[in-house]
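Observations on the model geometry
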Amino acid sequence: MNNQSRKWMYERKDYRSCVTRDFIQGVKNFIDFATSQHRFMDVDKIKCPCIRCRNIPYTEVDTVKHHLHKFGFIEEYWFWDQPGETLNDDDNTFFWVDDSNNNFSEGACSYREMVIDAMAPDLNNSNPEEEPNALDKKFFEMLDAADKELWPGCKKVTQLSAVARLLNIKSEYRIPEKSYDAICQLINDVLPKDNNMVGSLYESKKLIQALGLPMEMIDCCRSRCMIYWRQDKDLYRCKFYNADRMKRLYASQSTTASMRWHSENHGHDAGVMCHPSDSEAWKHFNKSHPSFAAEVRNVRLGLSTD
């Protein structure tokens, strides 16, 4: 399979700006292939290669199809590596790997690889006959959880994948700890008695604590203009807090309206102050500096005390 055979990927629309039949069929072929590579999936989700998602999030298949029809593929994506396509270096062709006979259809291999990527570089390379240290023990426990069936005979979900997904749901929907514990108990009641599901948030965190991500404190500008990171980490003052920042306030329609609001009709009763421009101090400033007040885009700096 070469680039020429996939030129349909970047011929999305015809002269009428309608999505072409070749593109629709090509997207169908891509999705059929991606959904056949189970170890590169997250249950029934695949990575979306559209311009907006750029192969980062796992997304519902219907959403991937919609995104590709609407936004198109990312640039130069001739080789479908994310769904599991491999490259034959001898003749520079692509070929698909039949992954339908794996034990776990959800993608337990991806969770196993996640454990290895997160912990293997830090493992102790000592004599294998020696007793493993605490870090090594955690690593082997995580590998065991990545391979352990949620209940005997379950080929779709592992203990680690179930807990990881449940914690992700908790974070996304801000589920309280007591509600999370109740959900775990309900799942335990529904599953067979000899299941491996955790029973609480504490057990969930204990299971995946070895995969904890490092925390880094990054300073930011008080006005939220920037963060002091990467090439800006050594700066001692905000690089945007100047005239250029004022220009940017007028570059957006939403902020431009707010910047000029003081000079427009507020639509409220006379004598009611809903903005500093209704105050006597503002009006006195306009009388004292008529040339400045004539330009409504000029910005006033006000100090107030309570």
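Residues numbered from 1 in each chain as written. Predicted model: local features only at pLDDT ≥ 70, side-chain atom pairs only at ≥ 80, totals over all residues. Heavy atoms only, no water.

**Brief notes about the environment of Phe-79**
On the secondary structure map, Phe-79 appears in the loop between α2 (61-71) and β3 (86-88). Overall, Phe-79 belongs to the partly exposed group, its relative accessible area being 26%. When the C-alpha positions of Phe-79 and Arg-6 are compared, they lie 9.5 Å apart, and in sequence the two are 73 residues distant. (Helix = DSSP H or I, 4+ residues; strand = E, 2+ residues; numbered from the N terminus. Buried < 20%, exposed > 50% of the residue type's maximum accessible area, 1.4 Å probe, protein only.)

**Thoughts on the environment of Gly-72**
Its location among the elements puts Gly-72 in the loop between α2 and β3. In this structure Gly-72 comes out as buried when scored by relative accessible area, which is 4%. The spatial distance from the C-alpha of Gly-72 to the C-alpha of Arg-52 is 8.9 Å, given a sequence separation of 20 residues. With residues up to four places along the chain from it excluded, the contact list for Gly-72 reads Arg-12, Phe-23, Pro-49, Cys-50, Ile-51 and His-67. (Contact = heavy atoms within 4.5 Å.)

**A look at the pattern of salt bridges**
For the structure shown, the criterion picks out three salt bridges. When the shortest N-O distance is used, the salt bridge between Glu-75 and Arg-54 registers 2.6 Å. Of this pair, Glu-75 sits in the loop between α2 and β3 while Arg-54 is found in the loop between β1 (45-47) and β2 (58-60), placing the two residues 21 residues apart along the sequence. Of the residues examined, Arg-54 reaches a relative accessible area of 38% and is grouped as partly exposed. Taking the shortest distance from any N to any O, the salt bridge between Lys-155 and Glu-149 comes out at 2.7 Å. Residue class for Lys-155 comes out partly exposed when judged on its relative accessible area of 41%. (Salt bridge = Lys/Arg side-chain N within 4 Å of Asp/Glu carboxyl O.)

**Remarks on α2**
Looking only at α2, the buried set comprises Val-64, His-67 and Leu-68. Within α2, the buried residues cover an arc of 95° as seen down the axis, which keeps them to one side. Exposed side chains of α2 directed beyond 90 degrees from the buried face belong to Asp-62 and Lys-70. Along its buried surface, α2 packs onto α1 (21-34), β1 and β2. Just downstream of α2, Gly-72 is the residue with a positive phi angle, here 85°. (Arc of directions from axis to C-beta.)

**Here's the deal with unusual backbone geometry**
A positive phi is found at Glu-76, a non-glycine position, where the angle reads about 55°. In this fold, Glu-76 is placed in the loop between α2 and β3. A positive phi angle, near 55°, is found at Arg-230, a position not held by glycine. Take Arg-230: its relative accessible area is 56%, and that puts it in the exposed class.

**Description of the packing of helix α5 (residues 159-173) against helix α7 (residues 201-208)**
Viewed as axis vectors pointing N to C, α5 and α7 meet at an angle of 120°, and their least axial separation amounts to 10 Å. Between α5 and α7, the interaxial angle falls into the category oblique. Crossing handedness for the pair α5 and α7: left-handed. Here α5 contributes Gln-159, Leu-160, Val-163, Leu-167 and Lys-170 to the contact with α7, which in turn contributes Leu-201, Ser-204, Leu-207 and Ile-208. Considered class by class, the residues forming the contact of α5 with α7 number six nonpolar, two polar and one charged. (Axes fitted to C-alpha atoms, helices over the stretch in contact; angles between N-to-C directions. Parallel < 35°, antiparallel > 145°, perpendicular 65-115°, else oblique. Left-handed = near helix turned anticlockwise from the far one by under 90°. Nonpolar A, V, L, I, M, F, W, Y, C, P; charged D, E, K, R; others polar.)

**Observations concerning empty space enclosed by the protein**
Under the definition given, this model contains one cavity of 30 Å³ or more. In this model, the largest cavity occupies a volume close to 40 Å³. Ala-34, Gln-37, Phe-40, Met-41, Ile-46, Lys-47, Gln-82 and Pro-83 are the residues that line the largest cavity. Looking at the lining of the largest cavity residue by residue, the class counts come to five nonpolar, two polar and one charged. (1 Å grid on protein atoms, 1.4 Å probe; cavity = no way out; pocket = protein on both sides within 12 Å on 5 of 7 lines; lining within 4 Å. Points joined across faces, edges and corners; volume = space filled by probe spheres on them.)

**Some remarks on the confidence of the model for the protein**
For the protein, per-residue confidence averages 76 on the pLDDT scale, and residues scoring 70 or more make up 69% of the total. Mean pLDDT across the elements of the protein bottoms out in strand β4 (residues 93-95) (48) and peaks in helix α6 (residues 177-190) (94). Here residues 95-108 is modelled with pLDDT under 50, and outside its nearest four sequence neighbours on either side it reaches 44 contacts, counting other chains as well. For the stretch residues 123-129, pLDDT sits under 50, and the model shows five contacts to residues farther than four places along the chain or on other chains. (pLDDT = per-residue confidence, 0-100.)

**Focus: the packing of aromatic side chains**
Pairs of aromatic rings are described using the distance from one ring centre to the other and the angle between the two planes. Counting across every chain of the model gives nine aromatic pairs. Their ring planes at 90° and their centres at 5.7 Å tell us that Phe-30 and Phe-73 sit as a pair that is edge-to-face. With Phe-30 in helix α1 and Phe-73 in the loop between α2 and β3, the pair connects residues that are 43 residues apart, well separated along the chain. The pair formed by Phe-30 and Phe-73 is uniform in burial state, with each residue classed as buried. Note on Phe-33 and Trp-80: the rings are 6.1 Å apart at their centroids and 35° apart in plane angle, and the pair reads as tilted. Taken together, the residues span a long stretch of sequence, with Phe-33 in helix α1 and Trp-80 in the loop between α2 and β3 at a distance of 47 residues. Taking relative accessible area as the criterion, Trp-80 reaches 3% and is therefore assigned buried. (Phe/Tyr/Trp six-rings, centres within 6.5 Å; stacked < 30°, edge-to-face > 60°.)

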